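# Observations on chain architecture
For reference, the chains in residue letters:
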Amino acid sequence: IKDTPLIMTECTSLQFVSPFAFEAMQKVDVVRLASLSDPELRLLLPCLVRMALCAPADQSQSWAQDKKLILRLLSGVEAVNSIVALLSVDFHALEQDASKEQQLRHKLGGGSGESILVSQLQHGLTLEFEHSDSPRRLRLVLSELLAIMNKVSESNGEFFFKSSELFESPVYLEEAADVLCILQAGTVLSAKIAVARSRLTATSASWVQAMVFIILVCRGLIKNGERQDEESLGGRRRTDALRFLCKMNPSQALKVRGMVVEECHLPGLGVALTLDHTKNEACEDGVSDLVCFVSGLLLGTNAKVRTWFGTFIRNGQQRKRETSSSVLWQMRRQLLLELMGILPTVRSTRIVEEADVDMEPNVSVYSGLKEEHVVKASALLRLYCALMGIAGLKPTEEEAEQLLQLMTSRPPATPAGVRFVSLSFCMLLAFSTLVSTPEQEQLMVVWLSWMIKEEAYFESTSGVSASFGEMLLLVAMYFHSNQLSAIIDLVCSTLGMKIVIKPSSLSRMKTIFTQEIFTEQVVTAHAVRVPVTSNLSANITGFLPIHCIYQLLRSRSFTKHKVSIKDWIYRQLCETSTPLHPQLLPLIDVYINSILTPASKSNPQATNQPVTEQEILNIFQGVIGGDNIRLNQRFSITAQLLVLYYILSYEEALLANTKTLAAMQRKPKSYSSSLMDQIPIKFLIRQAQGLQQELGGLHSALLRLLATNYPHLCIVDDWICEEEITGTDALLRRMLLTNNAKNHSPKQLQEAFSAVPVNHTQVMQIIEHLTLLSASELIPYAEVLTSNMNQLLNSGVPRRILQTVNKLWMVLNTVMPRRLWVMTVNALQPSIKFVRQQKYTQNDLMIDPLIVLRCDQRVHRCPPLMDITLHMLNGYLLASKAYLSAHLKETAEQDRPSQNNTIGLVGQTDAPEVTREELKNALLAAQDSAAVQILLEICLPTEEEKANGVNPDSLLRNVQSVITTSTPNKGIEEGEDNLLCNLREVQCLICCLLHQMYIADPNIAKLVHFQGYPCELLPLTVAGIPSMHICLDFIPELIAQPELEKQIFAIQLLSHLCIQYALPKSLSVARLAVNVMGTLLTVLTQAKRYAFFMPTLPSLVSFCRAFPPLYEDIMSLLIQIGQVCASDVATQTRDIDPIITRLQQIKEKPSGWSQICKDSSYKNGSRDTGSMDPDVQLCHCIERTVIEIINMSVSGI
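The structure displayed is predicted, hence computed values, not measured ones. (Residues numbered from 1 in each chain as written. Predicted model: local features only at pLDDT ≥ 70, side-chain atom pairs only at ≥ 80, totals over all residues. Heavy atoms only, no water.)

Looking only at helices and strands, one finds 68 helices and zero strands in the chain. Classification of the 1197 residues of the chain by burial places 51% in the buried group. Long-range pairs, those at least 24 residues apart, make up 74% of the contacts in the chain with a sequence separation of at least 6. Approximately 55300 Å² of the chain is accessible, and the part contributed by carbon and sulfur atoms is 53%. (Helix = DSSP H or I, 4+ residues; strand = E, 2+ residues; numbered from the N terminus. Buried < 20%, exposed > 50% of the residue type's maximum accessible area, 1.4 Å probe, protein only. Contact = heavy atoms within 4.5 Å. Areas by Shrake-Rupley, 256 points an atom, 1.4 Å probe, with all protein chains shown as cover.)

What follows deals with the pattern of salt bridges. A complete count under the given rule lists 19 salt bridges for this structure. For Lys 1006, the salt bridge goes to Glu 1037, with nearest N and O atoms at 3.1 Å. Of this pair, Lys 1006 sits in helix 58 (residues 1002-1011) while Glu 1037 sits in helix 60 (residues 1035-1039); the two residues are 31 residues apart in sequence, bridging distant segments of the chain. We classify Lys 1006 as partly exposed; its relative accessible area is 28%. Looking at Glu 1037, the relative accessible area reads 39%, which means it is partly exposed. Two residues, Lys 1065 and Asp 1033, come together in a salt bridge whose shortest N-O distance is 1.9 Å. Placement of the pair is Lys 1065 in helix 62 (residues 1064-1081) and Asp 1033 in the loop between helix 59 (1018-1024) and helix 60, with a sequence separation of 32 residues. For Lys 1065, a relative accessible area of 39% gives the class partly exposed. Members of the salt-bridge network, linked through shared partners, are Glu 23, Asp 29 and Arg 32. (Salt bridge = Lys/Arg side-chain N within 4 Å of Asp/Glu carboxyl O.)

Let us look at the environment of Leu 865. Along the polypeptide, Leu 865 turns up in helix 52 (residues 863-890). We classify Leu 865 as buried; its relative accessible area is 0%. When the C-alpha atoms of Leu 865 and Leu 792 are compared, they prove to be 9.0 Å apart, with 73 residues separating the residues in sequence. Excluding residues that lie within four positions of it along the chain, Leu 865 makes contacts with Met 789, Leu 793, Leu 828 and Val 859.

Attention now goes to the packing of helix 64 (residues 1111-1128) against helix 68 (residues 1174-1194). Contact pair helix 64 / helix 68: the axes reach a minimum separation of 9 Å and the direction vectors enclose 160°. It follows from the interaxial angle that helix 64 and helix 68 lie roughly antiparallel. The interaxial crossing formed by helix 64 with helix 68 has left-handed handedness. For the pair formed by helix 64 and helix 68, the contact residues are Tyr 1111, Ile 1114, Met 1115, Leu 1118, Ile 1121, Gly 1122, Cys 1125, Ala 1126 and Asp 1128 on the first element and Asp 1175, Leu 1178, Cys 1179, Ile 1182, Thr 1185, Val 1186, Ile 1189 and Ile 1190 on the second. Taken together, the residues of the contact of helix 64 with helix 68 break down into 13 nonpolar, two polar and two charged. (Axes fitted to C-alpha atoms, helices over the stretch in contact; angles between N-to-C directions. Parallel < 35°, antiparallel > 145°, perpendicular 65-115°, else oblique. Left-handed = near helix turned anticlockwise from the far one by under 90°. Nonpolar A, V, L, I, M, F, W, Y, C, P; charged D, E, K, R; others polar.)

The full count for this structure, using the stated rule, is twelve aromatic pairs. With 6.0 Å between their ring centres and 50° between their planes, Phe 1010 and Phe 1034 make a pair best called tilted. Placement of the pair is Phe 1010 in helix 58 and Phe 1034 in the loop between helix 59 and helix 60, with a sequence separation of 24 residues. Take Phe 1010: its relative accessible area is 13%, and that puts it in the buried class. Here the aromatic residues Tyr 591, Tyr 646, Tyr 650 and Tyr 671 are joined through ring pairs into a cluster of three or more. (Phe/Tyr/Trp six-rings, centres within 6.5 Å; stacked < 30°, edge-to-face > 60°.)

For helix 6 (residues 61-74), with 14 residues, the first-to-last C-alpha span of 20 Å sits near the 20 Å given by 1.5 Å per residue. Buried within helix 6 we find Trp 63, Ile 70 and Leu 74. Looking down the long axis of helix 6, one finds its buried residues gathered within 40° of arc, a one-sided arrangement. Of the exposed residues in helix 6, the ones pointing more than 90 degrees away from its buried face are Gln 61, Lys 68 and Arg 72. Looking at the buried positions of helix 6, the neighbouring elements they touch are helix 3 (30-34), helix 5 (45-53) and helix 7 (79-87). (Expected span 1.5 Å × (residues − 1). Arc of directions from axis to C-beta.)

As a packed pair, helix 36 (residues 637-656) and helix 39 (residues 681-689) sit with axes 10 Å apart at the nearest point and diverge in direction by 120°. Our classification of the angle between helix 36 and helix 39 gives oblique. In the crossing of helix 36 with helix 39, the sense of the turn from one axis to the other is left-handed. Only Ile 681, Leu 684, Ile 685, Gln 687 and Ala 688 of helix 39 make contact with helix 36, whose side of the interface consists of Ile 637, Gln 640, Leu 641 and Leu 644. In terms of residue class, the contact of helix 36 with helix 39 is built from seven nonpolar, two polar and no charged.

The next thing to look at is the nonpolar core. Ranked by internal contacts, the top residues of the largest apolar core, which has 344 residues, are Tyr 646 and Phe 1103. Domain assignment of the residues forming this core places at least three in each of domain 1 (19-85) and domain 2 (528-709). Residue contacts for Phe 1103: discarding those within four places in its chain leaves Ile 1051, Leu 1054, Ser 1055, Cys 1058, Ala 1070, Ala 1073, Val 1074, Leu 1110 and Ile 1114. (Core = buried A, V, L, I, M, F, W, Y, C linked by side-chain atoms within 4.5 Å. Domains from an automatic or database assignment.)

Residue-level pLDDT values for the chain average 78, and 76% of them are 70 or greater. A low-confidence stretch, residues 1-13 (pLDDT under 50), is modelled with 17 contacts involving residues beyond four sequence positions or located in other chains. Scored below 50 in pLDDT, residues 191-215 makes 82 contacts in the model with residues more than four places away or belonging to other chains. (pLDDT = per-residue confidence, 0-100.)

Attention shifts here to unusual backbone geometry. Of note, the amide linkage connecting Thr 578 to Pro 579 takes the cis form, showing an omega dihedral of -5°. Structurally, Pro 579 is set in the loop between helix 33 (566-574) and helix 34 (584-596). For Leu 266, which is not glycine, the phi torsion reads 55° and is therefore positive. With respect to the helices and strands, the residue Leu 266 is situated in the loop between helix 17 (253-263) and helix 18 (267-281). Residue classification places Leu 266 among the buried positions, given a relative accessible area of 0%. If you check the backbone angles, Arg 556 has positive phi at about 60° while not being a glycine. Residue position: Arg 556 is located in the loop between helix 31 (545-554) and helix 32 (557-560).

What follows is the structure in structure tokens.
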């Protein structure tokens, strides 16, 4: 093995098969073959001779004619005779001898000189080859090949250099190649010969291979090749061989290059093939294949390929001397030539130094970059960035000079020109080492000044919104705030590659920017004058004015230099569209922070100005009065949603920073409630819901703000109603929409309502048509609908009209709830003669939500309108909570003592705050409980209804009678009568609302039951409110209250709960109640005993019905009560003892008294009721209770 360098000079004189000759041979184009010169034809003789002499598969007449032409070509060539002689050899015997020799070499080793193919050579191999006949020549060449093959097998795949006298002699090379071709075609050892030939290391091996093989061996050569071909002699030989093959057949060059990238082997070959292809295509204006190929390797997504090629670049630079034979040197030279080819001038900074002294000082070294070269220049810049930043290429002085010359050139005002300037600027930031001399630095400063001057012209001419002017401002702001990492991210993002940039390398650029080009005051003043981006959306990429303003707001530059930015932000918010640009929400947030928080504590007034209320109203022009005229809207829905987000975020931030602002003695102005009332918040949120994909996170952010500040606009029932309104049914209704429905005007609806007392048909027809309209189309009819609700309370109005109005109201509630609620509350006020009705405002209703229930009393018996009233009540209760919380935060500092008065009193400053919070909670609890009590009172029948025989718990009793009696049909009929009444429907609606309130805040349920309410409502509330089971948690506490009324109410409530919820917990509470009743029996006076046990004794029946195990305890309690009563009146009433005796007998033998208990006199309690003595009446009540318990137990319940 020799480590001598490869000498290719001997191969340069060899003739290779030209692409023309190869194509002619491939297609068997006899005409082309005839046009070849003798040297070219000589290379193809072995193939042509075999083609002419061997029996062909094609027996056509045309091939016979072509064969004659081939023979005519060969007739004048002397070398044909020797090739014909080679074909006449006995290949079978030759193959057998070759196999034997191969086995012999395998046994004896490669160094053995014995050979079966040839005897001992008298002279050297070349002389023997010259003096031998054709059969012996075949054996000589085959023996040499087998020796090389054996050497390959011993090398374990490693490359080695072996001198071959036969293959290194140019004199015998043609004849040796002829022999190789015949051997490959005539023996089955061709595959093994191919392996040996792929390992040939003689000086002329590449030429020999090119003569024998075409593209078939390429993949094997590449797959078995080195990862870095220029690092070893074998890699360079392999690269040269494949390169010669691809020169012979250029159409396969790109396929071979693809194999190189796929296997990540022989990078020099890939570059060399690309260089050959680049020279052949001769493209001047477009991006060359070399630039595209190398850029794809370094900037592609395959990290393995990127690392492999980067290693090739680094290793190539580490070699001490780089000659022109190096592929890396050829690639760099070609790239430099392409770069210099598009330069607008060859003048450089060095030429400026050497220029004539009389040259005009104003003459610029720049020239305009041609428009057709801009794209290619951008591609070259990105390639050099990748080579230097990713592959670690260190540019030479010449490369750095030409790169700087290209970067500081001035392109035309086109989108590609804007892109080129941005790339050049970022490359200057990334590789500041390109600027090494003061003259080059001055060149860069002049170019940056030109960028600032021409930025507006470029933006207006090119039509590109994201111009390089914003990038300049952004970088200047980052330099001023020392955010070097942000600059590095910006550069990497613009270049489209992740490269390592040391922050220390930006120090000089920072000095230039902050002191020479962009001072902080210049930056802020210039930023305000930058036009806003028209129709700003996420589709506009790059660095925009909004990025610059955002950074300046973050660094508080505007407030520091007293530059107003409010108008710019307002204009930019107005010029927005979908999809939402991701920088808009952060811009609004940082703007709000700059309004509320001063730039420094020393100057608390250094803040930005908020957007005025009039400017906000202008945004919503066309939506406030009604959304049916969308064509008149000046601003997009995106602008309106962004302004809404600004207002809600501003108010939330203002409340959150109240204490901080008060400590700084600042009170920023809050937006008035009248402004908020005019903004259609719910309508905008609904619009945003349909644009969630285009609005990014804006919809979720608005929902968060609404849930915090406007909980009454986030009621779950409303969202469910919206799903029904906007679902499939709505589409079907739209299909049924006729022109008649669209033609009804609000005036016609008003006229129809006016005629309701005499004609119901017209209003019914109109409102039915209105149900086909969308929510936004119904807005103009809202005022007419609400103002005429009072007329619907008159008798005789069909239920269908009421239900349809309720439906229309619910649809309008999805788009304009707050305004609709105010109009409805004012419309449903009781009409009192000679008394002027008060017009309530939104603020009035939030302060006192109970105004909603001060409506016309007829509403309480009109279920469709009562449903609307309850919906408004629930909303205003939620709104009142948010209003009071906000008011508490706004006035948090009003009751706080001064610091001078609280010195030394630890914790005193927090005392008023706690008190105010407790007062607020107490007020809210009183408000909610008052609403519940009023609603429960509404559930009671009026005197008129009682006169008509309406009983509030008749339905429940009828249901019980169905279970307990043997005549269920009668009970069902009675229940149906009550089921169809308005009172029952109103009760159901109220119970649903109370259930929601109890679930939302269980403390309300506890407070209401501690306050108490009429016991007639207990069957209704327990059966109608599913959440009443939570009362089991606090009934023990309620029983423990000292007031007798609360104890009675607790036992009565418990009795109904036990029937409704027969749970283990109910059993334990019922046992506690029985024990408490037994304890109270011993401590109560006669009057209190009568007042307590008369209403609670019937509850014991329910306890026994729900829990039979309590039978013994309850019977003992009843007898005990009777004995106490009997002892008090023993001297006055002689028939008490018999009653006690009967009770004892009933307890001992209840079955014997079952028939007596069924007597009507016992059941009706008609015996001995004439006495007015409380104890006597209590004894009779005890007897009735026992009888009921017995009847219940005997009947199996």
